[in-house]
Amino acid sequence: MIFLGIEIIGRVPSVLHTPLMSGANAIHGVVIIGAIIVMGKAESGNYIALILGFLAVVLGTLNVVGGFVVTDRMLEMFKKKK
Amino acid sequence: MPSILSICYLVASVTFILGLKMLSNPTTARRGNLIAAGGMFIAIIGTIFLYESDGQRLGNYPWIFSAIIIGSVIGTLTAKKVKMTAMPELVSFFNGMGGACAALISIVEFDYLFQANKTLNSTFFSDVVPAGHYLAIIAGTVIGSVSFAGSVIAWGKLNGKMRDFSFKGQHLFNLIILTLVLVAAVFTYHSNVKGANIPFFITVALALLYGVFFVLPIGGADMPVVISLLNSFTGVAAACAGFLYNNKAMLTGGILVGAAGTLLTILMCRAMNRSLKNVLIGSFGAGAKAIAGEKGELGNIKEISLTDAAMVMAYAKKVLIVPGYGLAVAQAQHACHELEKALEEKGVEVKYAIHPVAGRMPGHMNVLLAEADVSYEKLLEMEDANEEFKTTDVVLILGANDVVNPAAKNDPSSPIYGMPILEVELAKTVIVNKRSMKPGYAGIENELFFQPKTSMLFGDAKKVLQNLLLELKTV
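All residue numbers here refer to positions counted from 1 along the written sequence of the relevant chain. Labels follow written order: the first chain is A, the first ligand is 1, and so on. This being a predicted model, a pLDDT of at least 70 is required before a residue's local features are given, and a value of 80 or more before pairs of side-chain atoms are given or counted; all residues contribute to the totals for chains, interfaces and linings.

1. Concerning the overall build of chain B
Helix and strand content of chain B: 19 helices and eight strands. Considering only C-alpha atoms, chain B reaches an extent of 90 × 50 × 30 Å along its principal axes. Burial in this document is a count-based property: other C-beta atoms within 10 Å of a residue's C-beta are tallied, and the residue is buried at 20 or more, exposed at 12 or fewer, or partly exposed in between, with C-beta positions derived from the backbone. Residues classed as buried in chain B amount to 51% of the 475 residues present. It is the C-beta atoms, placed from the backbone, that decide contacts: two residues are in contact if theirs lie within 7 Å. Across chain B, contacts joining residues at least 24 apart in sequence account for 80% of those joining residues at least 6 apart. The helix count covers DSSP runs of H or I at least four residues long, the strand count covers runs of E at least two residues long, and both are numbered beginning at the N terminus.

2. Description of the packing of helix H3 (residues 32–41) of chain A against helix H2 (residues 29–50) of chain B
The description of two packed helices rests on the angle between their axes and on the distance between the axes. The geometry of H3(A) relative to H2(B) is characterised by a closest axis approach of 10 Å and an angle of 15° between their N-to-C directions. By the angle between their axes, H3(A) is roughly parallel relative to H2(B). Crossing hand, H3(A) versus H2(B): right-handed. Residues A:Ile32, A:Ile33, A:Ile36 and A:Ile37 of H3(A) lie in contact with H2(B), whose contacting residues are B:Ala43, B:Ile44, B:Thr47 and B:Ile48. Lines fitted to the C-alpha atoms define the axes, with helices restricted to the stretch that makes contact. Angles between their N-to-C directions range from 0 to 180 degrees. Throughout this description, any angle smaller than 35 degrees is read as roughly parallel, any larger than 145 degrees as roughly antiparallel, any in the 65 to 115 degree range as roughly perpendicular, and the remainder as oblique. Here a crossing is taken to be left-handed if its near helix is turned anticlockwise relative to the far helix by less than a right angle, and right-handed if that turn runs clockwise.

3. Examining the confidence of the model for chain B
All names here are of chain B. Overall, the prediction assigns chain B a mean pLDDT of 87, with 94% of residues at 70 or greater. Note that pLDDT drops below 50 for residues 283–296; the model gives that stretch 25 contacts with residues more than four away or on any other chain. Scored as a complex, the prediction yields pTM 0.78 and ipTM 0.92. Predictor confidence is given residue by residue as pLDDT, running from a minimum of 0 to a maximum of 100.

4. Section: helix H16 (residues 364–371) of chain B
In terms of residue burial, H16(B) counts as a mostly covered element, since seven of its eight residues are buried. Of the positions making up H16(B), those classed as buried are B:His364, B:Met365, B:Asn366, B:Val367, B:Leu368, B:Leu369 and B:Ala370. Residues of H16(B) that are buried sit in contact with helix H4 (47–76) of chain A together with strand E3 (318–323), helix H14 (325–329), helix H15 (333–345), strand E4 (349–354) and strand E5 (379–381) of chain B. Where H16(B) ends, the next residue or the one after it, B:Asp373, has phi of about 65°, a positive value.

5. Side note on unusual backbone geometry
Residue and element names in this part refer to chain B. The residue Gln331 is not glycine, and still its phi comes out positive at about 50°. Looking at where Gln331 falls in the secondary structure, it is placed in the loop between H14 and H15. Gln331 sits in the partly exposed class, given 17 other C-beta atoms within 10 Å. In this structure, Asp373 is a non-glycine residue whose phi angle is positive, near 65°. Counting through the fold element by element, Asp373 comes out in the loop between H16 and E5.

6. Let's talk about the pairing of E4(B)
Note on strand geometry: in a regular strand, side chains alternate between the two faces of the sheet. Residue and element names in this part refer to chain B. Looking at chain direction, E3 and E4 are connected through four bridges and run parallel. Bridge pairing in E4 links Leu320 to Lys351. The pairing criterion for strands is at least two bridges between them, as found by DSSP. Where E4 lies against E5, three bridges are found, and the strand directions are parallel. In the sheet register, Ile354 faces E5, and the bridge partner there is Glu381.

7. Description of the interface of chain A and chain B
Counting residues at the interface gives 71 residues for chain A, matched by 91 residues for chain B. Listed by contribution, the elements that provide at least two residues to the side of chain A that touches chain B are helix H1 (2–9), helix H2 (17–27), H3 and H4 of chain A. Polarity classes work like this: nonpolar for Ala, Val, Leu, Ile, Met, Phe, Trp, Tyr, Cys and Pro, charged for Asp, Glu, Lys and Arg, and polar for all others, with Gly in that last group. Considering only residue class, the side of chain A that touches chain B consists of 46 nonpolar, 18 polar and seven charged.

8. Focus on the nonpolar core
By definition, a nonpolar core groups buried Ala, Val, Leu, Ile, Met, Phe, Trp, Tyr and Cys residues that are joined through C-beta atoms within 7 Å. Core analysis: the largest hydrophobic core is formed by 193 residues, its most contacted members being A:Val31, A:Val57, B:Cys101, B:Val322 and B:Ile397. Considering every element that reaches this core, the biggest residue donor is helix H4 (residues 87–117) of chain B, with 16 residues. Once residues lying within four places of it in the same chain are set aside, the contact partners of A:Val57 are A:Ile32, A:Ala35, A:Ile36, A:Met39, B:Ile64, B:Ala67, B:Ile68 and B:Gly71.

Here it is in structure tokens:
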């Protein structure tokens with residue numbers, strides 16, 4: 001997996017550095033799955049798990065949704081014009 | 001027979017790998033982003049409805065869905081509304097959110113273990129929690145916290161709310177804090193279960209502190225590199241959560257971003273010709289100001305009038321425009337395109353020279369100019385531009401400074417020494433548009449401005465360009 005990660009980034013033009021960073025940022029938002037599990041397993045009355053879990057899902061969603069949307073916005077500027 | 005959920009995770013993992021690969025190529029980049037988003041969606045929906053722990057599906061659906069809705073609305077609105085110039089700080093912000101998410105997950109998992117065992121007498125945490133499990137939890141907590149705190153500082157620096165702050169012995173200070181974090185983490189593991197939560201929270205607090213002081217001394221121009229590094233940190237934190245739940249999607253996404261993010265950070269450093277160590281030590285700062293002071297007077301600058309500038313460009317055969325941060329701040333990219341078109345109507349060949357770190361992030365200028373419908377083919381990368389300067393009549397520098405500073409080539413004591421620059425001095429005439437003589441992000445003087453072929457055209461980039469356009473009509 002590490003080798004794959006390195007292989008993939010091998011030949012990136014510098015103009016794509018920022019969108020790539022933004023896309024990778026969105027992908028690590030996959031951590032939201034852990035937050036969903038925490039929230040889903042939390043028993044009523046366990047306020048720590050419920051509140052922190054809720055917060056974690058909100059923040060994770062921000063990472064995922066915000067991440068993919070901002071990356072798309074950066075990339076729509078790269079349409080080739082003829 | 002693999003479960004549907006494990007297939008969902010497999011699909012997600014594949015889309016992450018594929019998406020990231022496609023993001024490294026301009027023609028497939030946009031699709032790559034969408035594919036990865038699709039895989040993420042599948043993994044999330046699959047988890048909500050199909051995840052089982054001890055034979056039980058997940059509950060608290062109202063909480064989960066309202067949290068997702070809130071996050072999605074805020075995330076989409078901020079991502080869509082923000083100005084182009086605020087993109088890097090937004091990426092940092094979202095990165096911080098991911099780091100905080102990872103840390104919170106680990107904190108809750110620690111709490112479960114703590115609550116389950118705190119009534120035991122004379123037992124140590126290490127007796128009841130396997131080392132591997134604890135490692136995943138504490139690593140997720142520490143790395144997530146460092147990434148969160150650091151990202152918030154980076155966000156503050158980029159939107160101008162925070163100054164650079166460094167003090168003597170800071171590196172030692174940072175090292176000490178880091179050591180304390182590790183000590184506290186180990187201490188927590190070996191403490192009595194009854195009070196293990198106290199050293200744990202101390203660990204969290206120290207990790208947050210470290211995140212802050214890690215990013216505080218680093219100069220604003222280096223922020224994109226730091227954000228890329230923090231990005232890979234959050235990836236690792238996500239992988240730790242993946243270990244905790246033995247979740248293939250989190251493991252893949254986390255390790256992939258951790259590795260790719262690290263490599264991207266190194267690539268970004270290479271584009272500036274500075275080592276990562278150099279960036280992290282924050283060599284922009286006290287040193288630069290002292291050197292600038294020593295140089296003293298560099299001579300006199302010449303100013304050029306709008307009329308003369310318009311004339312010299314109208315009668316040129318080739319004009320190369322060097323955009324910089326000043327263009328972005330003035331939001332003058334459309335006026336710039338208008339000028340380009342007006343010059344071309346007069347038979348002037350116009351191209352753009354884009355330095356890899358012009359602006360506040362790699363690709364900043366490309367994105368800005370593309371927004372103004374400037375044709376992709378007119379943008380020259382640095383190596384190609386440097387070939388063309390010797391046949392260029394006029395170079396128009398719009399709010400760029402450090403990327404055209406000859407000190408990078410000539411002055412070994414300069415903080416930007418070694419960074420490849422745009423060789424504008426090879427052209428016949430250089431016109432520099434800036435708001436004032438104040439130094440750029442590196443905080444140093446630029447001897448280019450004092451050279452005989454250079455003249456200064458002061459003013460806000462947008463106003464200056466619009467006025468040049470008016471002058472051109474009468475030439």
